[in-house]
Amino acid sequence: MDLSTIRVTTATGTVELTPDRSYVIGRSREADITVQDTKVSRRHVELAPGPDGWTARDLSTNGVWSEGARAKQFAVDGEIRIRLGGLSGPEVLLRAFRPVQRPPAAAPRPKLDNADAETMLAGQGRRPVPGQAAPPVPAARTPEPVGAGAGSAGAGASAGGGAGAGGGAAPRPALGGWLRALPTLVWLAAVGFALGALVALS
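Looking up the chain in an unreviewed UniProt entry gives the name FHA domain-containing protein, with the organism given as Parafrankia soli.

Here it is in structure tokens:
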């Protein structure tokens, strides 16, 4: 949060002060800004920088006047005209602005790397939760032995021949084939869900 400079304009000119220390306006030669007038005290006004901006503080006997009223201490935000020593005293123009507080930047979203993508594919589109076991992966289908298939086919042929000879039996239902293909269908559905999740997160 950066504090801006303060600009002080008197009858003798304009001075711009940096916010590294306090400054004094008065009649004394030791003052940072000198205003020669009998109504002005040797140390009349102090201009002090702070976290919330510049503050003007009255150090005098005759006072500091702003907008027709005496002001002991006030913040300088924008342009303020003051009178030193009374309503008819010398005029001083103060110009400064309070620092603007910027909102904190939002934290960036974490990027999905290749390891996370592989983990999501293996876990059916879900990130592993710490402390929990990873979701099960569908088991691969084990091919049947060649001999067993041939034997089953031969047995089926024999059974079919016998049934045909016996008067024609009903055909075998196809439910067994669907049950064997079910793991493959579940795996394909999981891969599709994981790809959809990756597209939504990217």
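From this point, things continue past the structure.
Draft legend 1. Highlighting the overall build of the chain. The helix and strand inventory of the chain stands at 3 helices and 11 strands. Along the chain, helices and strands appear, N-terminal first, in the series β-β-β-β-β-β-β-β-β-β-β-α-α-α. Burial statistics for the chain: of 202 residues in total, 25% are counted as buried. Taking contacts inside the chain between residues at least 6 apart in sequence as the whole, the part at least 24 apart equals 34%. For the chain, the accessible surface area stands at approximately 14,000 Å², while carbon and sulfur atoms represent 57% of it.

Draft legend 2. Highlighting the pairing of strand β6 (residues 53–58). Sheet topology note: the strand β5 (residues 45–50)/β6 ladder contains 6 bridges and is antiparallel. From the neighbouring strand, Ala48 faces β6, where its bridge partner is Thr55. Linkage of β5 to β6, two consecutive antiparallel strands, is achieved through a turn of 2 residues. With 4 bridges connecting them, β6 and strand β9 (residues 73–76) associate as antiparallel partners. From the neighbouring strand, Ala56 faces β9, where its bridge partner is Phe74.

Draft legend 3. Layout of the sheet that holds β6. As summarised here, the arrangement of the 5 strands in space is β4-β3-β5-β6-β9, forming an open sheet in which the pairing is mixed. If you trace the sheet from one side to the other, it starts and ends with β4 (33–34) and β9, each paired once.

Draft legend 4. Here's a closer look at the packing of aromatic side chains. For the structure on display, the rule yields 1 aromatic pair. Between Tyr23 and Trp54 the ring centres are 6.3 Å apart and the planes differ by 35°, which places this aromatic pair in the tilted class. Taken as a pair, Tyr23 in strand β3 (residues 23–26) and Trp54 in strand β6 lie far apart in primary sequence, 31 residues in all. Across the pair, Trp54 and Tyr23 agree in class, each one buried.

Draft legend 5. Up close: the UniProt feature "transmembrane region" (unreviewed entry) in the chain. As annotated by UniProt and renumbered to match this structure, "transmembrane region" (unreviewed entry) occupies residues 181–201. The distance from the first to the last C-alpha atom of residues 181–201 is 31 Å, and the span holds 100% helix and 0% strand.

Draft legend 6. Looking closely at the sheet that holds strand β11 (residues 91–96). If you walk across this open sheet you meet the 6 strands as β2-β1-β11-β10-β7-β8, and the pairing is antiparallel. Every interior strand has two partners, whereas the edge strands, β2 (13–17) and β8 (69–70), have only one. Here strand β10 (residues 78–84) pairs with β11 via 6 bridges, running antiparallel. Within the sheet, the bridge partner assigned to Arg81 lies in β11 and is Leu93.

Draft legend 7. A look at unusual backbone geometry. Its identity is not glycine, yet Glu67 carries a phi of approximately 55°, on the positive side. Position of Glu67 among the secondary structure elements: in the loop between β7 (64–66) and β8. Relative accessible area serves as the criterion here: at 82%, Glu67 is assigned to the exposed category.

Draft legend 8. View of the nonpolar core. If you look at the biggest cluster of nonpolar residues, it comprises 22 residues, and the most contacted ones within it are Ile25, Leu47, Phe74, Val76, Leu84 and Leu94. Where this core is concerned, the elements lending two or more residues are β1 (6–10), β3, β5, β6, β9, β10 and β11. Filtering out sequence-adjacent residues up to four positions away, Ile25 remains in contact with Val8, Ala31, Ile33, Val35, Arg43, His44, Val45, Leu47, Leu84 and Val92.

Draft legend 9. Just the pairing of β1, in detail. Residues of β1 alternate between two faces, with Ile6, Val8 and Thr10 buried on one and Arg7 and Thr9 left unburied on the opposite face. Inspection of the sheet shows β1 paired to β2 by 5 bridges, in the antiparallel sense. Within the sheet, the bridge partner assigned to Arg7 lies in β2 and is Glu16. Of the strand pairs in this sheet, β1 and β11 are connected by 3 bridges, and their pairing is antiparallel. Looking at the pairing, Arg7 lines up with Arg95 of β11.

Parameters and conventions
- Residues numbered from 1 in each chain as written.
- Predicted model: local features only at pLDDT ≥ 70, side-chain atom pairs only at ≥ 80, totals over all residues.
- Heavy atoms only, no water.
- Helix = DSSP H or I, 4+ residues; strand = E, 2+ residues; numbered from the N terminus.
- Buried < 20%, exposed > 50% of the residue type's maximum accessible area, 1.4 Å probe, protein only.
- Contact = heavy atoms within 4.5 Å.
- Areas by Shrake-Rupley, 256 points an atom, 1.4 Å probe, with all protein chains shown as cover.
- Pairing = 2+ DSSP bridges.
- Phe/Tyr/Trp six-rings, centres within 6.5 Å; stacked < 30°, edge-to-face > 60°.
- UniProt positions renumbered as here; feature names shortened; annotations may be inferred.
- Core = buried A, V, L, I, M, F, W, Y, C linked by side-chain atoms within 4.5 Å.

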